[in-house]
Every structure is written in C-alpha cells, then in structure tokens.
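The residues making up each chain are set out below.
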Amino acid sequence: QLSELPDDNFAGQNPPQTQARDLLYFARHPRDLSCLHPPPKVKPIAEPVVGVHTPGHLVDFVNARCGTYRNPDGTLNSLGVKRGKLLNNLFDVPDTSSGNGDGEAESDSKVPECERIAVPDARSFFDNYLSISKPVIVENALANWTAVKKWTNQFFYQHFGARQVHVKLSPDGEFEGCESESKWAGHNKRNMPPHVRRQIQFPDLVVVRPATTDVPFSAFMDHITSRDRPNKSHRRIAHGGNASAYLEYTSIPNYMPELEDDITPMPFLPSGVHREHLNLWLSDGNTLGKLHFDPFDNILAQIDGVKEVTLFSPHHNEQLYEGYIPEAILDFSSGAGDWSSAPFAASSHTLLVMF
C-alpha cells in the first residue's frame, strides 16, 4: 500500500492518477549481462493496480508481472504444479564415474552416450524427450529427405557457385577458443577501465574469434574439397596445411531458399513446436567448435560426414566456468591468404562465455 508519489518519479510519463492506499507496481530492471559498465540511472516507472483489490485479483496481477504461480493462500496454482513437475523431471546424466575418494571422477570413466531410437510419434517424442530436455539420436529421420542424395559437391558448384557466402576462417581448425592475450599485438597497451577489469576472472586470456571473408560459393567449395583432390588445381582461400574454412549459421531461407524444397519437416515434432531458424553448416571436417550454450532447442540433421557432440548436463553447471573474457578477432588478408592477429583496438568487446 503506497500513498501518492510526486510527479517527478515518472520519467517521460504522465503520473498515474492515484489515491491514498492505491497500489503501484514498479518493474524490476534486469541486469544487462552483455555490458560491464554501470547501468544508467533510470527513474522508476509505476503501473497502478486497477480494479477491485480482492486477494484473487492482486495475486493474479503479481503472477502476471513477476512470473510467479501462486494461489491466494500461497500454494502453487495449477500452472505452477505443472511447471514444477516438468522441472523435477528434467533429464540428468547418470553418474558413471567411480571416483577417487576425493570427490573427483577417474579419468578413464566411460562417457555415457545418447540413446538411439527409431523415428517416434509426436506424443512419445514430447513426453520422453522434448518435455524433459533429454538429448536423443533419431535414426533414419532423414530417410525421406531429397537433400540426402541431392546435396552433393557438384550440386552446390552447379547451382550456387556464383553466390557470395560469408565464411569463417581459422588457421588450425579451432573456432572460438581461449588463449593468452600475450600472443596479440598491443595487449600491453590495452586500456581497460578498472571497474571492468575487476569483473574479469581471467584477465590474461582472450576469446579468439575466427577471421571472416566473403567469397563465391565455388571458392569455398574449392577450399574444402582440396584435401580430397590434391592433384587438382583447386585453390584454397587461406594458406597453411590446417587452415579451415567453415560455412556456419548460414540461413537457408535468406540465402538459399530453393533448398527448403529438399527438406521434409520432422514427423515427430508436436504441433505446438515452431521452427525458429534453419541454418546450413558445411566444412571439410577440420573444424572444432568450443564449449557454448544455445538459446533454443536444436535438431541437428547430419546429411553427410560425421559430427561428434559433447553435451554437459545443466544439473552440474557448477562444474563449468562462466565469466567475462575480452574478445580478439583474427585478421585475414584475402589477397595474400595470410593470417595476423588484429590489434586489440579493432576487437575491444568483452564477452560472457562458458568454458
């Protein structure tokens, strides 16, 4: 219960018409995890609680604004009960380690593998996997995809060779790993504000971002097939025996919409699940992506080749590190095909990363 507030408490708004003993709701401002600078000071913005102030009405108002799930008597409402069941049933990886008596697992412990199943129906997939966040390998899920036989190297050369694509480049096949900042030009001249440095757990490390370049799709295909055809005159985008080119996060709807005709929606996805992105990933196999997390559930459709994925259970994320590390970006000369470490002045962001 609040009495009427002065007009200057409402930034850029007409003050709400309130009476003594009216209730006002002030939204909490979430912390911006992408920025280490102090947040700007903002005046609170009030929202009056309109309507009859019955216990049920007030609890509904609080639930809607604060993400809570309560009844007026303090117990969980039906939605809260369902949410609790989902959270309590989330999949956890069984502990197969033998331990050494000090709380640490033996190094030779076998890593559990994902369950493999035949193509399920939508209800079974939702109940047994999607709703509990359990990873699974669905075998023969692409049996009806035209892409499996159609998407060959020759097909991409013929139909998309002239199109420009945005390619990530790494001199050794590693993408977005951490290394000592001492390898980078100008590291000792970098001026980091004290309040930023205090929040960085490992100030001597940087996250190395791959170099990027725009090339015709045919040039990218030349690069990734040159290992298999050493006697051909295929040119490589970058020099170096381990230099790797990676086509990643390439939106099929935006860049190659024709390919959607070769893809059949997964029959086991429930009707309420919608696709957020449809991306193409393509490389020569000499790629290593580092630990990260995604904001969406993923379906990885392996059309050709082999991909090994290591997953960590969110139940044990206290065994991982999450923190801020400065970003450094590899520089690449497309004319010479050579690498260099860009000075920090050109790569000054600080990233929230998990490692």
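Before going into details, it helps to say that this report is about the structure given with it.

What counts and what doesn't
- Residue indices begin from 1 for each chain and proceed along its sequence in written order.
- Only residues with pLDDT of at least 70 get local features here, since the model is predicted, and only at 80 or more are side-chain atom pairs given and counted; chain-wide, interface and lining totals rely on the full set of residues.
- As a convention, hydrogens and water are excluded, and side-chain values are obtained from all of the structure's heavy atoms.
- To define a nonpolar core, start from buried Ala, Val, Leu, Ile, Met, Phe, Trp, Tyr and Cys residues and group those joined through side-chain atoms within 4.5 Å.
- Buried means the residue's accessible area, taken with a 1.4 Å probe over protein chains only, is under 20% of the maximum for its type, while exposed means over 50%, and partly exposed covers the values in between.
- What counts as a helix is a DSSP run of H or I of at least four residues, what counts as a strand is a run of E of at least two, and both are numbered from the N terminus.
- The contact criterion used throughout is that any non-hydrogen atoms of two residues lie within 4.5 Å.
- Two aromatic rings, drawn from Phe, Tyr or Trp (for Trp, its six-membered ring), form a pair once their centres lie within 6.5 Å of each other, and the interplanar angle then sorts them: stacked below 30 degrees, edge-to-face above 60, tilted otherwise.
- N or O atoms closer than or at 3.5 Å make up a polar contact, with two conditions inside protein: a donor-capable atom paired with an acceptor-capable one, and, for residues adjacent in sequence, both atoms drawn from side chains.
- Like charges within 9 Å and nonpolar side chains (Val, Leu, Ile, Met, Phe, Trp, Tyr) within 5 Å are joined into patches, using only residues over 30% in relative accessible area that form no salt bridge.
- The Shrake-Rupley method, run with a 1.4 Å probe sphere, supplies the accessible areas, and residue values consider only the shown protein chains as cover.
- Put simply, a salt bridge is a Lys or Arg side-chain nitrogen that is within 4 Å of an Asp or Glu carboxyl oxygen.
- When DSSP finds two or more bridges between two strands, those strands count as paired.

Moving on: the nonpolar core. With 39 residues, the main nonpolar core has W151, F217 and F220 as its most contacted residues. Ranked by residue count, the leading element in this core is helix α7 (residues 217-225), at five residues. Once residues within four sequence positions are removed from consideration, W151 is found in contact with F156, I252, L259, D262, I263, L280 and I303. L36, M192, V196 and I200 belong to the second-largest nonpolar core, a separate cluster that totals five residues.

This next bit is on the packing of aromatic side chains. This model, assessed by the stated rule, comprises 13 aromatic pairs. By way of ring pairs, the aromatic residues W151, F155, F156, F160, F217 and F220 are connected into one cluster.

Turning our attention to the side chain of S251. Tracing the chain through its elements places S251 in strand β10 (residues 244-251). Judged by relative accessible area, S251 falls into the buried class, the value being 15%. Polar contacts involving the side chain of S251 include one to the main-chain amide nitrogen of N254, which spans 3.3 Å. Once residues lying within four places of it in the same chain are set aside, the contact partners of S251 are M256, L278 and N279.

Turning our attention to α7. Counting buried residues along α7, eight of its nine residues qualify, which places the element largely inside the surrounding structure. The set of residues buried in α7 consists of F217, A219, F220, M221, D222, H223, I224 and T225. The inward-facing, buried residues of α7 abut α5 (153-160), β5 (164-170), β9 (211-216), β10 and β11 (279-283).

A cluster of nonpolar residues, L300, V309 and L311, forms a patch on the protein surface that exposes about 300 Å² of accessible area. Relative to the elements of secondary structure, L311 occurs in the loop between β12 (288-289) and β13 (322-333).

Moving on: the pattern of salt bridges. Proximity of charged atoms lets side chains of opposite charge pair with each other. Here the structure, examined in full by the defined rule, presents 11 salt bridges. Three or more residues joined by partner-sharing salt bridges are found here, namely E176, R209 and E327.

By the element assignment, W145 lies in the loop between β4 (136-138) and α4 (147-150). Residue classification places W145 among the buried positions, given a relative accessible area of 11%. For W145 and M266, which are 121 residues apart along the polypeptide, the C-alpha to C-alpha distance reads 9.9 Å. If near-sequence neighbours (up to four positions away) are discounted, W145 is found in contact with D262, I263, T264, M266, A301 and I303.

Within β5, five of the seven residues are buried, leaving the element largely enclosed by the surrounding structure. Pairing geometry for β5 and β9, over six bridges, is antiparallel. Paired with V167 across the strands is T213, a residue of β9. Here three bridges tie β5 to β10, and the two strands are oriented antiparallel to one another. What sits directly across from K168, in β10, is Y246.

A negative phi holds for most residues other than glycine; trans holds for most peptide bonds. Of note, the phi angle at S133 is positive, near 55°, even though the residue is not glycine. Looking at the secondary structure, you find S133 in the loop between α3 (122-130) and β4. What makes S133 partly exposed here is its relative accessible area of 47%. The phi dihedral of E176 falls on the positive side, at around 65°, and the residue is not glycine. For E176, the position within the fold is in the loop between β6 (174-175) and β7 (178-180).

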